[in-house]
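Next come the chains, spelled out residue by residue.
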Amino acid sequence: MKRRTWMLLAALVAACEQSPPPAPTTAVAPAPAQSPPPAAAPAPPQPAPEALPREVAGIVLGAGLAEVRTKLGALACRDNPQGFSVCTPKTPPAEAPNKLEVYLFHERVVSLAYDREVGANVWDFLNDLNTRYGPPSLNGQRETDKQGRTHEIYGWKDQQSIHSVRFVWQGEEATRQLSTTTITLWDRQGYHDWESERQAGKPPTPSGKPT
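Residues numbered from 1 in each chain as written. Predicted model: local features only at pLDDT ≥ 70, side-chain atom pairs only at ≥ 80, totals over all residues. Heavy atoms only, no water.

Participant: Talk me through the sheet that holds strand β4 (residues 85–89); I want residue IDs and the actual numbers.
Facilitator: With antiparallel pairing, eight strands are arranged side by side in an open sheet as β3-β4-β5-β6-β10-β9-β8-β7. Both edges of this open sheet fall to β3 (75–79) and β7 (138–144), since each of them pairs with a single strand only. On average, each strand axis in the sheet is tilted by 20° relative to the strand beside it, whichever way the strands run. Sheet topology places β7 next to strand β8 (residues 150–157); six bridges connect them, and they run antiparallel. Counterpart to Glu143 in the pairing with β8 is His151. The strands touched by helix α3 (residues 122–133) within the sheet are β8, β9 (161–170) and β10 (177–187), with β8 carrying the most contacts at an inclination of about 15°. (Pairing = 2+ DSSP bridges. Helix = DSSP H or I, 4+ residues; strand = E, 2+ residues; numbered from the N terminus. Axes fitted to C-alpha atoms, helices over the stretch in contact; angles between N-to-C directions. Contact = heavy atoms within 4.5 Å.)

Rendered as structure tokens:
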């Protein structure tokens, strides 16, 4: 790779140091005037990306704990080491997606996560998201967990929200099978507030005890 780079540099330097061609000894007739080429047709305007979703099962990012209880009923909550309370409905309502988790910080919803089916072709699912939200900011980052599963992550963001899709694959690349797909929504302001406290070294302040 280094050799190829030096060869390219050498070629560029050699081209810059070549002597200019000698000036012509006889007058050269000016070339006949040519009409300018026709202007290219302007490209059709691209549709503006949609705003990222901020609501799941009636729960909106930024909502308070009381609103979550009104929508989901009694909650089972646990405090995690990062300073969030992670709550799930004890009796999920019919409209709640599979494995819905509500992340609260200072009794405000900062994140919503759930599992969903994406169909037989994950690329059709991703292409639909790209059409709606534009190119992803995080495009297929891969991680491997302790069970040897591959996590493939895509993410979009706008001024208010972050939207991520995590595919969990089992098996080798050629024969891998999709295990689960998790969708996660983040409120950017809530995330910023949490990150600011974490960097300031404040102790975790989770909220959302079970009711």
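Participant: Describe unusual backbone geometry, naming the residues involved and giving the relevant values.
Facilitator: Of note in the backbone geometry, Lys99 takes a positive phi value of approximately 55° without being a glycine. Residue position: Lys99 is located in strand β5 (residues 98–105). Judged by its relative accessible area of 57%, Lys99 is exposed. For His106, which is not glycine, the phi dihedral falls at a positive 55°. (Buried < 20%, exposed > 50% of the residue type's maximum accessible area, 1.4 Å probe, protein only.)

Participant: Help me get a handle on the packing of aromatic side chains, residues and values and all.
Facilitator: According to the stated counting rule, one finds 10 aromatic pairs in the structure shown. Taken together, a centroid distance of 6.1 Å and an interplanar angle of 80° make the contact between Phe84 and Tyr103 edge-to-face. Placement of Phe84 in the loop between β3 and β4 and of Tyr103 in strand β5 is noted, with a sequence separation of 19 residues between them. Taking the relative accessible area as the measure of exposure, Phe84 reaches 4% and is therefore buried. Looking at Tyr103, the relative accessible area reads 18%, which means it is buried. With 6.4 Å between their ring centres and 75° between their planes, Phe125 and Phe167 make a pair best called edge-to-face. Note that Phe125 is positioned in helix α3 and Phe167 in strand β9, a separation of 42 residues in sequence. Both residues of the pair, Phe125 and Phe167, belong to the buried class. Pairwise contacts between aromatic rings join Phe84, Tyr103, Phe105, Trp186, Tyr191 and Trp194 into one cluster. The lysine or arginine in question, Arg176, covers the ring of Trp169, its NZ or CZ lying 3.7 Å from the ring centre. (Phe/Tyr/Trp six-rings, centres within 6.5 Å; stacked < 30°, edge-to-face > 60°. Lys NZ or Arg CZ within 6 Å of the ring centre and 35° of its normal.)

Participant: Summarise the environment of Gln160; cite the residues concerned and give the values.
Facilitator: Structurally, Gln160 is set in the loop between β8 and β9. Beyond its immediate sequence surroundings of up to four residues, Gln160 is in contact with Arg54, Trp186, Asp187 and Arg188.

Participant: So what's going on with the environment of Leu178? Residues and values would help.
Facilitator: With respect to the secondary-structure elements, Leu178 resides in strand β10. Put simply, Leu178 and Thr150 are 28 residues apart on the chain and 9.6 Å apart in space, counted from C-alpha to C-alpha. If sequence neighbours within four positions are ignored, Leu178 has contacts with Val118, Val122, Phe167, Val168 and Trp169.

Note that all results are geometric; they support no functional claim without further evidence.
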